[in-house]
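Below, each chain spelled out in residue letters.
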Amino acid sequence: MSRRLTPPCQWCGREIADSEVGRRRRYCRQSCRQRAYEHRNSVKGTGIPEDSVVLTVQEVADLSDRWFAARCAAEDVATAVAEGADSIELSDLTAILVKLTRDAERLR
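Rules and cut-offs
Residues numbered from 1 in each chain as written. Predicted model: local features only at pLDDT ≥ 70, side-chain atom pairs only at ≥ 80, totals over all residues. Heavy atoms only, no water. Core = buried A, V, L, I, M, F, W, Y, C linked by side-chain atoms within 4.5 Å. Buried < 20%, exposed > 50% of the residue type's maximum accessible area, 1.4 Å probe, protein only. Helix = DSSP H or I, 4+ residues; strand = E, 2+ residues; numbered from the N terminus. Expected span 1.5 Å × (residues − 1). Arc of directions from axis to C-beta. Patch = residues over 30% accessible without salt bridge, like charges linked within 9 Å, V, L, I, M, F, W, Y side chains within 5 Å. Areas by Shrake-Rupley, 256 points an atom, 1.4 Å probe, with all protein chains shown as cover. Salt bridge = Lys/Arg side-chain N within 4 Å of Asp/Glu carboxyl O. Lys, Arg positive; Asp, Glu negative; His and termini not counted. Charge placed at Lys NZ, Arg CZ, Asp CG, Glu CD.

**Student:** Would you take a moment to explain the nonpolar core for this structure?
**Tutor:** As a rule of thumb, soluble globular proteins bury nonpolar side chains together. One finds Cys9, Trp11, Cys12, Ile16, Tyr27, Cys28, Cys32 and Ala36 forming the largest nonpolar core, which totals eight residues. Counting residues in hydrophobic clusters, the runner-up holds five residues, among them Ala73, Val77, Ala80 and Leu93.

This is the structure:
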């Protein structure tokens with residue numbers, strides 16, 4: 001069986017567990033679905049588009065920190081390649097990089 005590629009949760013950006021039946025899920029859990037509903041209702045009549053992403057200052061700082069960590073990990077991989085690191089070290093570094101970039105995808 002082939003697994004369908006699912007986009008991340010539309011609210012938090014986490015990976016969504018896919019099922020083979022029915023339509024694709026848009027949210028990873030009920031609480032994310034509820035937060036998205038609350039957000040849509042809170043921007044009604046304000047002139048802010050419904051599909052806007054509104055983040056608190058803390059959420060922006062956290063997102064920035066996650067992207068900084070991912071960039072540092074990418075630089076570590078580049079340095080290891082330039083220095084001729086062995087495949088085990090490169091495998092470990094890329095696993096860290098993948099984890100950090102997945103974390104960085106989350107908006108909240």
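**Student:** Could you clarify how one ought to interpret helix α1 (residues 30-42) in this entry?
**Tutor:** Residue pairs three or four apart in sequence face the same way in an α-helix, which turns once every 3.6 residues. Here α1 is 13 residues long and its end C-alpha atoms lie 18 Å apart, about the 18 Å a rise of 1.5 Å per residue gives. Buried within α1 are the following residues: Cys32, Ala36 and His39. Down the axis, α1 shows its buried residues gathered within 60° of arc, on one side only.

**Student:** I tried to follow a negative patch on the surface on my own but got confused; where do I start?
**Tutor:** Negative charge collects at one region of the surface, where Glu83, Asp86, Glu89 and Asp92 lie side by side. Counting through the fold element by element, glutamate 83 comes out in the loop between α2 (57-82) and α3 (87-105). Judged by its relative accessible area of 64%, glutamate 83 falls in the exposed class.

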